[in-house]
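In case you want the letters, here they are:
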Amino acid sequence: MVLYTTVRKAVSSSAMSPTGLIAATPLPQRKKALAAPVFIPEKLLAALAPPPPTVVAPAEVVEQQSETESERKKKIVCSARRRPTRLIIPVADDAGEVAASWGAAAAAAKEADVEVEGEGFWVASRAGPRHAMEDAYSVITGKNGGDSQLAFYGVFDGHGGRTAVDFVSHRLGENVVSAVLAAGANTHPEASSAEEHDAVSAAIRAAYLATDSELLAQHQDASGGACAATALVKGGDLYVAHLGDCRAVLSRDGGAAAALTADHTCAAEGERERIERGGGYVSRSGSGVWRVQGSLAVSRSFGDAGLKRWVVAEPEVSRVPLAAGCEFLVVASDGLWDKVSNQEAVDAVSRSRRNAASVGSSCAELVDMARSRGSWDDVTVMVVDLERFVRYKGRR
């Protein structure tokens, strides 16, 4: 049986400019009160009456007119000098982003959180308020007698639109499983364990590259890309592969966190050197983020056709033998890892397991934790139970 799931969510909010927000609170209305009638004696009115107009001779009128004409320019200049200075409100550099954030906070946004519980895995996902959801995940399991012998799990983080992440979340798992099964069929029966492991790792790399080639060929006009972190369980071993800044963390021996991936960013010295050897450059933006060609923060991804010469789709693959002490795997997009440490993520899942609570609740807790710490990115968290594979391995 094949289980495939992809998350798609959109946050809709009314656009609101900073000026509109500043003027949202109206000034208090000012009303003039009518004065009560007052009795004034006639003698006082006579004293207050203005004097009769003075009759001016024609020559005097001409003289006054000439004086007014000669002083007109001076009066205009003096009036201009006394005019209040114009109030100018400066616009921030990130005015568009700030306005979008304010609008999202002020308007009623439709935020449909996603929580999924499958056999041996749990997922929680939430879209960030800036744009439509660009995270996705997929799961493929094969069953025999109720026990999984082969399983694929993946979390994907798109950028620059949904084209790349939609394609990769549909195709990568199928390509990986097909390539690994073909590699097993072609492996010599007397091959050593090391040779079998190498064949599986090579098949995963080939599947990643093939998926990237398919994406670029079928969506030549797409400018975006996607990062990924995937896990394949086969023959009692866990194979983890990744591109970009999605991450996979293993919990073992009572809750100790072990990172199985290292983020592919331009801040990594090895990635910087590889890009520069290929004729590219890495520059640091005003916010302190290192970027390929001054554009992309990750150094490996699917898609990103305009940067393909330097932003490659070749993954790093690692293998972990599933043995006693392997508890669970946390796979998540960078929306989590930017705000939550590896150990904090493992601790949250471990607490739910100790308290006999649903592991899915810990996924939602981690999403809330990232959001409460200021994450504006999409956040997707997947937890995979590894003990079930360890038990199956012991029964074979």
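Everything numeric here is computed off the predicted structure, so don't read it as measured data. (Residues numbered from 1 in each chain as written. Predicted model: local features only at pLDDT ≥ 70, side-chain atom pairs only at ≥ 80, totals over all residues. Heavy atoms only, no water.)

(A) Representation of the sheet that holds strand β13 (residues 326–332) within the structure. Strand order in the open sheet made by the six strands is β1-β2-β14-β13-β7-β8, with antiparallel pairing throughout. Taken across any chain shown, the strands that pair with only one partner, and hence form the sheet edges, are β1 (114–118) and β8 (256–259). Strand-to-strand twist of the sheet, defined as the mean angle between neighbouring strand axes without regard to direction, takes the value 15°. Packing against the sheet, helix α9 (residues 342–354) makes contact with β7 (247–252), β8, β13 and β14 (379–385), and its axis sits at approximately 125° to β13. Packing of helix α10 (residues 359–372) onto the sheet brings it into contact with β1, β2 (121–126) and β14, and relative to β2 it is tilted by some 25°. (Pairing = 2+ DSSP bridges. Helix = DSSP H or I, 4+ residues; strand = E, 2+ residues; numbered from the N terminus. Axes fitted to C-alpha atoms, helices over the stretch in contact; angles between N-to-C directions. Contact = heavy atoms within 4.5 Å.)

(B) Region of interest: the state of the cysteines. In total, this model carries zero disulfides according to the counting rule given. The thiol of Cys246 is unpaired, and the distance to the nearest cysteine sulfur, on Cys227, comes to 5.6 Å. The exposure class of Cys246 is buried, given its relative accessible area of 0%. (Disulfide = S-S within 2.5 Å. Buried < 20%, exposed > 50% of the residue type's maximum accessible area, 1.4 Å probe, protein only.)

(C) Geometry of helix α7 (residues 269–277). Every buried residue belonging to α7 is among Glu271, Arg274 and Ile275, and all of these are buried. Buried residues of α7, viewed axially, fall in a sector of 95°; they line one side. In α7, those exposed residues whose orientation departs by more than 90 degrees from the buried face are Glu269 and Arg277. At the C-terminal side of α7, Gly279 shows a positive phi close to 90°. (Arc of directions from axis to C-beta.)

(D) Spotlight on α9. With 13 residues, α9 ought to run about 18 Å at 1.5 Å a step, and its terminal C-alpha atoms sit 19 Å apart, in line with that. After α9 finishes, the residue Ala356 shows a positive phi value of roughly 60°. (Expected span 1.5 Å × (residues − 1).)

(E) Quick peek at the packing of aromatic side chains. Summed over all chains, the structure comprises two aromatic pairs. Relative to Phe302, the ring of Tyr208 has its centre 5.4 Å away and its plane inclined at 25°; by these criteria the two rings are stacked. With Tyr208 in helix α6 (residues 193–218) and Phe302 in strand β11 (residues 302–303), the pair connects residues that are 94 residues apart, well separated along the chain. By the burial criterion, Tyr208 is buried, and Phe302 matches it. (Phe/Tyr/Trp six-rings, centres within 6.5 Å; stacked < 30°, edge-to-face > 60°.)

(F) Here's a closer look at the side chain of Asn175. Among the secondary structure elements, Asn175 is positioned in helix α5 (residues 163–186). We classify Asn175 as buried; its relative accessible area is 13%. Leaving out residues up to four positions away in the same chain, Asn175 has contacts with Ala207, Thr211 and Glu214.

(G) Quick peek at the nonpolar core. Counting residues in each nonpolar core, the largest one holds 36 residues, and the members touching the most others are Tyr153, Leu238, Leu322, Leu329, Met382, Leu386 and Phe389. With four residues, strand β5 (residues 225–234) is the largest single contributor of residues to this core. Beyond its immediate chain neighbours, meaning those up to four positions away, Leu386 contacts Leu238, Leu250, Leu322, Cys326, Glu327, Phe328 and Leu329. (Core = buried A, V, L, I, M, F, W, Y, C linked by side-chain atoms within 4.5 Å.)

(H) Structural detail: the pairing of β13. The buried count for β13 comes to seven of seven residues, which makes it a mostly enclosed element. Relative to β13, β7 runs antiparallel, the two being bridged by six bridges. The residue of β13 that forms the bridge with Arg252 is Cys326. Sheet topology places β13 next to β14; five bridges connect them, and they run antiparallel. In the sheet register, Leu329 faces β14, and the bridge partner there is Val384.

(I) Quick look at the pattern of salt bridges. For the coordinates displayed, the defined rule picks out 14 salt bridges. Between Asp368 and Arg126 there is a salt bridge, and its shortest N-O distance comes to 2.4 Å. Of this pair, Asp368 sits in helix α10 while Arg126 sits in strand β2, and the two are 242 residues apart along the sequence. Taking the shortest distance from any N to any O, the salt bridge between Asp237 and Arg319 comes out at 2.9 Å. Remark: Arg319 occurs in strand β12 (residues 316–321) and Asp237 occurs in strand β6 (residues 237–243); sequence separation between them is 82 residues. Three or more residues joined by partner-sharing salt bridges are found here, namely Asp113, Arg126 and Asp368. (Salt bridge = Lys/Arg side-chain N within 4 Å of Asp/Glu carboxyl O.)

(J) Broad picture of empty space enclosed by the protein. Enumeration over the complete set of coordinates arrives at one cavity of 30 Å³ or more. Empty space within the largest cavity amounts to approximately 50 Å³. Around the largest cavity, the lining residues are Ala164, Leu215, Leu216, His219, Ala222, Gly224, Gly303, Asp304 and Ala305. Of the residues belonging to the lining of the largest cavity, the class tally is five nonpolar, three polar and one charged. (1 Å grid on protein atoms, 1.4 Å probe; cavity = no way out; pocket = protein on both sides within 12 Å on 5 of 7 lines; lining within 4 Å. Points joined across faces, edges and corners; volume = space filled by probe spheres on them. Nonpolar A, V, L, I, M, F, W, Y, C, P; charged D, E, K, R; others polar.)

(K) Here's a closer look at the pairing of β8. Note that β7 and β8 share four bridges and pair antiparallel. Bridging across to β8, Val249 finds its partner in Ala259. In sequence, β7 turns back onto β8 through a hairpin of three residues, with Asp253 there showing a positive phi of about 55°.

(L) Expanded view of the environment of Ile204. Relative to the helices and strands, Ile204 resides in helix α6. Take Ile204: its relative accessible area is 2%, and that puts it in the buried class. With 24 residues separating them along the chain, Ile204 and Val180 place their C-alpha atoms 6.8 Å apart. For Ile204, the contacting residues outside a window of four places in its chain are Val176, Val180, Leu232, Tyr239, Ala241 and Val317.

(M) Focus on the packing of α9 against α10. Between α9 and α10, the shortest axis-to-axis distance is 8 Å and the interhelical angle comes to 145°. With respect to the hand of their crossing, α9 and α10 are arranged in right-handed fashion. Judged by residue contacts, Glu344, Ala345, Ala348, Val349, Arg351, Ser352 and Arg353 of α9 engage Val359, Ser361, Ser362, Glu365 and Leu366 from α10. Of the residues that constitute the contact of α9 with α10, the class distribution is five nonpolar, three polar and four charged. (Left-handed = near helix turned anticlockwise from the far one by under 90°.)

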